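Chain by chain, the residues run as shown.
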Amino acid sequence: MAVVGAGDPNAELMFVGEAPGFNEDRTGLPFVGQAGKLLDTLLDGIGLSRDDVFITNVLKCRPPGNRDPRPEEIAACEGFLAEQVTLVRPRVVCSLGNFATKLLSGRPDGISQVHGQEVDAEFGGVAVKLFPVFHPAAALYTRTMLVTLQEDFARLPALIGLSVPDAGTPSEPVPAVPPVDAADQLGLF
Ligand code: URA
C-alpha cells in the first residue's frame, strides 16, 4: 500500500528516506522494520521520539523486490514530497542516504562526501536546512557507519534550535553520542 508519511505535521525536523520496504508496505507506516528500529534508537539518543518529527520517503510505494528507485519513479513522487515540505514547513530536513540527499540537494554528490554538512536548500517553496546523513539500513551492518551516524545525529538538536548543554558546563551527563551498545540491544553486529 502507499506509505505517505507519519509523525508531527508541524515538526521542525523532517526525515526523508528512500522507499517503503516489505514491513512498510504491509503496515502503511514508514520505517517500521530493522532500519526503523535503528532510527528510533538514534532519535532516542538525542532525546526525541518519532512523534516529535515527521518521517517520509522519496518514493511512496515499495519498489518490487526492494530494488533501487528508478528516475521515473522519483520524478513521479517528487511532487508529493514537495507538497509535504510545503505543509509541514520543517526547519531542518534530514535526508537519509543517497537517494533523498541527491533529490533534495539537486546535486550528484554522494552521501559519503556530504553527510554531516548542513546546507541551505529550498524545496516545495520552503527554505530549509538540508542535513544529509547515512541511511540507517547501511549502518545496520557496519559499526563505523553507525558511529558516524550517531555523531551526525548528535548535531540535530542544535540545528533545530533546541538548547544543548555547553561543552564546559557541568550538568547531568547527556552523552552527545549515544552508546554504540544501543546497537547491541537491537541485536545488530
Ligand atoms: N523504510 C522506509 O520507510 N524507508 C526506507 O528508506 C527504508 C526503510
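Refer to the structure above for everything that follows.
Since the structure is predicted, the reported quantities are computational estimates derived from the model, not experimental observations. (Residues numbered from 1 in each chain as written. Predicted model: local features only at pLDDT ≥ 70, side-chain atom pairs only at ≥ 80, totals over all residues. Heavy atoms only, no water.)

**Student:** Could you clarify how one ought to interpret the nonpolar core in this entry?
**Tutor:** Within soluble globular proteins, side chains that are nonpolar tend to cluster in buried spots. Leu13, Phe15, Cys94, Phe153 and Leu156 are the most contacted members of the largest nonpolar core, which totals 28 residues. Among the secondary structure elements, those contributing two or more residues to this core are β2 (13–17), α2 (34–45), β4 (92–96), α5 (111–114), β6 (126–133), α7 (143–153) and α8 (156–159). With 5 residues, α2 is the largest single contributor of residues to this core. Beyond its immediate chain neighbours, meaning those up to four positions away, Phe15 contacts Leu39, Leu43, Val53, Phe54, Ile55, Thr56, Cys94, Leu96, Phe153 and Leu156. Membership of the second largest hydrophobic core comes to 21 residues, among which are Val88, Ala100, Leu103 and Phe123. (Core = buried A, V, L, I, M, F, W, Y, C linked by side-chain atoms within 4.5 Å. Buried < 20%, exposed > 50% of the residue type's maximum accessible area, 1.4 Å probe, protein only. Helix = DSSP H or I, 4+ residues; strand = E, 2+ residues; numbered from the N terminus. Contact = heavy atoms within 4.5 Å.)

**Student:** Just to check I follow, could you spell out the site of the ligand for this structure?
**Tutor:** The full set of residues close to the ligand is Gly17, Glu18, Ala19, Glu24, Pro30, Phe31, Asn57 and His135. In the model, a nitrogen atom of the ligand is placed 3.0 Å from a nitrogen or oxygen of the Ala19 main chain. Separating a nitrogen atom of the ligand from a side-chain N or O atom of Glu24 is a distance of 3.1 Å. Taken by itself the ligand offers 240 Å² of open surface, and the protein chains cover 90% of this. Residues that form the shell around the ligand fall into these classes: 3 nonpolar, 3 polar and 2 charged. (Near = heavy atom within 4 Å. Polar contact = N/O pair within 3.5 Å; in protein donor to acceptor, adjacent residues only side chain to side chain. Areas by Shrake-Rupley, 256 points an atom, 1.4 Å probe, with all protein chains shown as cover. Nonpolar A, V, L, I, M, F, W, Y, C, P; charged D, E, K, R; others polar.)

**Student:** Would you explain the pairing of β4 in this entry?
**Tutor:** Regular strands show a simple pattern: their side chains alternate between the two faces of the sheet. Within β4, 5 of the 5 residues are buried, which leaves the element mostly enclosed by the surrounding structure. Here β4 shows two buried faces, one formed by Val92, Cys94 and Leu96 and the other by Val93 and Ser95. Both β2 and β4 contribute to a ladder of 4 bridges, which runs parallel. From the neighbouring strand, Met14 faces β4, where its bridge partner is Val93. (Pairing = 2+ DSSP bridges.)

**Student:** Help me understand the environment of Val114 in this model?
**Tutor:** Structurally, Val114 can be placed in helix α5. In this structure the C-alpha to C-alpha distance between Val114 and Val133, which are 19 residues apart in sequence, comes to 7.9 Å. Residue contacts for Val114: discarding those within four places in its chain leaves Thr101, Asp109 and Pro132.

**Student:** Sorry, what's going on with helix α4 (residues 98–105) here?
**Tutor:** Each α-helix turn comprises 3.6 residues. Residues three or four places apart therefore point the same way. Buried residues of α4: Ala100, Thr101, Leu103 and Leu104, and no others. Where α4 is buried, its residues contact β2, α3 (71–88), β4, α5, β5 (119–123) and β6. Positive phi appears at Gly106, one or two residues downstream of α4, with a value of about 70°.

**Student:** Any chance you could explain the packing of aromatic side chains here in plain terms?
**Tutor:** The description of an aromatic ring pair rests on the distance of the ring centres and on the angle between the ring planes. Per the stated rule, a full pass over the model turns up 1 aromatic pair. Their ring planes at 15° and their centres at 5.6 Å tell us that Phe15 and Phe153 sit as a pair that is stacked. Residue Phe15 is found in strand β2, and its partner Phe153 is found in helix α7; the two are separated by 138 residues along the sequence. With respect to burial, Phe15 and Phe153 carry one shared label: buried. (Phe/Tyr/Trp six-rings, centres within 6.5 Å; stacked < 30°, edge-to-face > 60°.)

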